[in-house]
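Given next are the chains, with one letter for each unit.
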Amino acid sequence: MALPDSITTCLSEPVHYAICKLGFEKKDTYDINNVLSGNGEVCWQAVTEHVCYLESDPSVDYIKSIRSLGPVCESVNLYFKSLTKEQFVIQYESWFHWTNCTEVFLEVFDVLQYTQATEIALGLMKLTSCLERALGDVYLLKGNDCPFLLRDLLASEQLADVFGQAVMNVLRIFIGSPHGLNLRNVLWHGFVSPQEIPAKYCAMLLLLTAGLGQLLQTYLLQTKGVLVHRPYVIFISLEELDAFPDLNDEILSIAEELVKLSSFVLKTMLPFWIASLTAFKKSRYADSVILLLPQLEVGLRLLFTTTNKCPNRLLTAESSAFYTTFDEMLAKHLDNEEINQLPLVLEEPAMESDFLWDFLNHQEGPRIRDRLSHGEINLETFPREVANQIIGFAITILCRFSDEDMCSFKEHMVLKPLMNCASCYQSRFHPISRLKKQVLECMKSIHLWPELPRLPEEQVEKIKWLEGNAEADTLILMISEIISQLQHYMPQNFCSSDDPINSVLTERLLVELCDTCICTLYSPRPVLEVVAVLRRISAQCHQVSQQVIAGAGLRYTQWVNKTLRSRQRHNYRRMLNSIKFLSPALRLTLLLITLELVSIHSVCKKNPFDYQQYLKFLKSVLQYTENLVTYTSPEKNKWDETMELTKKTLIKIRKISDRKLMLMHLAT
């Protein structure tokens, strides 16, 4: 589709005026010695006196304040340019220690010396994220549950108690308030081009951060407090994020050509794209992603506003309205309840949205943008694997939204693996996807049971009665009957067998069922509620399996060492007997979970159903598994009760299967 290429700014007129012009209206020169003492400390009173207030109430007058602070910011910028790196380090390094990101702030000083627009913007983005994180640590000196939004954090009583309300008002002029410059948000959401960010605001925030460090040091000495830094988020299981192949120099060189030609890229934003690719080549992976994420957002916003015919939403919203951000662009409906047209015009709507939801939004996903922008990630150790995925995705977007005369790029052999990966991408962090993973991990755990240490042969003779326990055999027969009732819903190659438990309740069957493609995009609320209960059931089953493995291993060792008392020996025998039926019972539960999962979307698409009644049944199964966790725990070891509980649950499942009330029957 054709996208407008004449856009010169994404800032609305009032926002553009506030950021690019307002702070330059006063032409008088400000003496830096007014705000700095001889040893470089910030004279906060000299700064706060430039904050203006409305006549009608004590609220900040942001327009007058920005105008008044303009010359101060320019003076600070010139002052930093006059310092050598050694002078700056000697005078200010210690005042940045409270941020736990000293190196980031020293880098910002380096950037200010050269005034390269893209690097200034990058420096501001890193500065604001690290500052926000540090302010959150300070908040926790006096309060709990640090606010998620920067504007709420800066408006908190806790920070005002530490730094003073006047100081917090200064900060809110620069970041955190939609009425002020709001530098953090317009940068992280991709509204500003490199040339629209004045370097003097970056310099001022650098000085203010040092000044906050000075105030905090005084506060901690007076209160004898200790500032504790929250640990960084660490990405685990990086292999789960592996969607695109490793990007080599050839692919990156083609990407550099693509950004110059793709209609997805606004020309004013081109320097950000080039800088992102360059940073990746130089192994600056956090910088690469920080530069790129806002550009993905502005590119998608361009598509969103074009397809939904709301071009005004491309610009920054005023303080009275919301920005058009990822959350809204990925939603099913617009704020007026009309259908969002963006997914409909994407060539691979599920792939594009699934990837973005996975990496940015899903609570169990990496939530890259949130965590980077709020300072939750150590920038120095940001993994290449994550950056590789974000850039790989961006390259496929560039290809999809390119002109017809770029076919040579699209068909380039080097890019084909990327495009193939994109076309077959399925969500990894949607609750449905996580449920599939849980089920398979639990089944792997249960499959370890046959490998549990066994009693010596001479001891087996003493407990032959285990082999023919009538109650356990009854439960196993009941499980076989239920499997027969369910075979209509399973692949044909798993049907007829003389040994349904060992031929049907297998990891291979669950893998095949979990490979079924299920649409996760815009899952309705009933589906998510059902999946939440299924996940809890699966988690309980896994815990039971882990307890059985640990308990059997411990009891075997104690048996061999003859350290079990008489009662414990009898309990161990009951455990061994219970394993006979408990393994197939748990595997049956996992099979039921998977069959329900496969059926759930087809049911909801066909017609509404009484899922509350269905949830009631599922919650009874959940109660069974929760009780199993209790009975099989090392503290309880109630194996007779486990048998009785399993019997009652199997009878209930068999009755429901007979009456065809399970969700999978609704799908037929």
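Everything that follows concerns the structure shown earlier in this document.
Rules and cut-offs
Residues numbered from 1 in each chain as written. Predicted model: local features only at pLDDT ≥ 70, side-chain atom pairs only at ≥ 80, totals over all residues. Heavy atoms only, no water. Axes fitted to C-alpha atoms, helices over the stretch in contact; angles between N-to-C directions. Helix = DSSP H or I, 4+ residues; strand = E, 2+ residues; numbered from the N terminus. Parallel < 35°, antiparallel > 145°, perpendicular 65-115°, else oblique. Left-handed = near helix turned anticlockwise from the far one by under 90°. Contact = heavy atoms within 4.5 Å. Phe/Tyr/Trp six-rings, centres within 6.5 Å; stacked < 30°, edge-to-face > 60°. Buried < 20%, exposed > 50% of the residue type's maximum accessible area, 1.4 Å probe, protein only. Lys NZ or Arg CZ within 6 Å of the ring centre and 35° of its normal. Core = buried A, V, L, I, M, F, W, Y, C linked by side-chain atoms within 4.5 Å. Domains from an automatic or database assignment.

A.B. asks: Can you walk me through the packing of helix α5 (residues 102-114) against helix α6 (residues 117-139) in this structure?
C.D. replies: Packed helix pairs are specified by the crossing angle of their axes together with the interaxial distance, meaning the distance between the axes. Running from N to C, α5 and α6 cross one another at 155°; their axes reach a closest spacing of 10 Å. Classified by the angle between their axes, α5 and α6 sit roughly antiparallel to one another. As α5 packs across α6, the resulting crossing turns out to be left-handed. Contact residues: α5 offers V104, F105, E107, V108, V111 and L112, while α6 offers E119, I120, G123, K126, L127, C130 and L131.

A.B. asks: Please clarify how the packing of aromatic side chains should be interpreted in this entry.
C.D. replies: Each pair of aromatic rings is reported with the distance of its centres and the angle of its planes. By the definition in use, this model includes 19 aromatic pairs. On the numbers, 5.6 Å between centres and 40° between planes, the contact of Y79 with F80 is tilted. There is no split in this pair, since Y79 and F80 are both buried. Connected via pairs of aromatic rings, a cluster forms that spans Y79, F80, F88, Y92, F96, F105 and F109. One Lys or Arg, K200, reaches over the ring of F24 and ends 3.6 Å from the middle of that ring.

A.B. asks: I'm lost on unusual backbone geometry in this one. Help?
C.D. replies: Most of the time, phi is negative for any residue but glycine, and the peptide bond is trans. The phi torsion at N100 lies on the positive side, around 65°, for a residue other than glycine. With respect to the element layout, N100 can be found in the loop between α4 (85-92) and α5. The residue S237 is not glycine, and still its phi comes out positive at about 50°. Residue classification places S237 among the partly exposed residues on the basis of a relative accessible area of 31%.

A.B. asks: Please explain the nonpolar core as it appears in this structure.
C.D. replies: Ranked by internal contacts, the top residues of the largest apolar core, which has 154 residues, are F80, Y92, F174 and F382. No other element matches the 14 residues that helix α11 (residues 199-223) contributes to this core. Looking at this core, you find at least three residues from each of domain 1 (4-223) and domain 2 (238-423). Setting aside residues up to four positions removed in sequence, F80 forms contacts with F88, Y92, F109, L112, Q113, A203, L206 and L207.

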